[in-house]
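Inside the fold
The primary structure of each chain is shown beneath.
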Amino acid sequence: TADGFPAIVVRTPGLTDACNVEVDTADNQFLDVLFRDGGNSPPIPQDTLCLGAQRVAEAAVSSLKLRH
């Protein structure tokens, strides 16, 4: 979940330098967060990228909830 909303972490097969989090925000609406490695050496592990995507999703949903 992301701040109480259903969410999933998406790891695209063969793409280890990025991670997505999809948040179901309302009927027919969702928030897509893409978090990727910008070419670091050594590369950032995908688990770390996914944690970053989750944190961004949480912050974005929290911000959106404040607008209501």
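The text that follows walks through the structure, step by step, so that each part is easy to find. (Residues numbered from 1 in each chain as written. Predicted model: local features only at pLDDT ≥ 70, side-chain atom pairs only at ≥ 80, totals over all residues. Heavy atoms only, no water.)

1. Notes on the nonpolar core
- Counting residues in each nonpolar core, the largest one holds eight residues, listed as A2, V21, V23, L31, V33, A53, A57 and V61.
- For this core, the elements supplying multiple residues, two or more each, are β2 (18-26), β3 (29-36) and α1 (46-66).
- No other element matches the three residues that α1 contributes to this core.
- Setting aside residues no more than four positions away along its own chain, V21 makes contact with A7, I8, V9, L31, D32, V33, A53, Q54 and A57. (Core = buried A, V, L, I, M, F, W, Y, C linked by side-chain atoms within 4.5 Å. Buried < 20%, exposed > 50% of the residue type's maximum accessible area, 1.4 Å probe, protein only. Helix = DSSP H or I, 4+ residues; strand = E, 2+ residues; numbered from the N terminus. Contact = heavy atoms within 4.5 Å.)

2. Thoughts on the sheet that holds β3
- Taken together, three strands build an open sheet; the order of strands is β1-β2-β3 and the sheet is antiparallel. The sheet is open, and its two borders are formed by β1 (7-10) and β3, each paired with just one other strand. When the angles between neighbouring strand axes are averaged without regard to direction, this sheet yields 20°.
- The sheet contact formed by β2 and β3 spans eight bridges and is antiparallel. Residue pairing in the sheet places D24 in a bridge with F30 of β3.
- The strands touched by α1 within the sheet are β1, β2 and β3, with β3 carrying the most contacts at an inclination of about 140°. (Pairing = 2+ DSSP bridges. Axes fitted to C-alpha atoms, helices over the stretch in contact; angles between N-to-C directions.)

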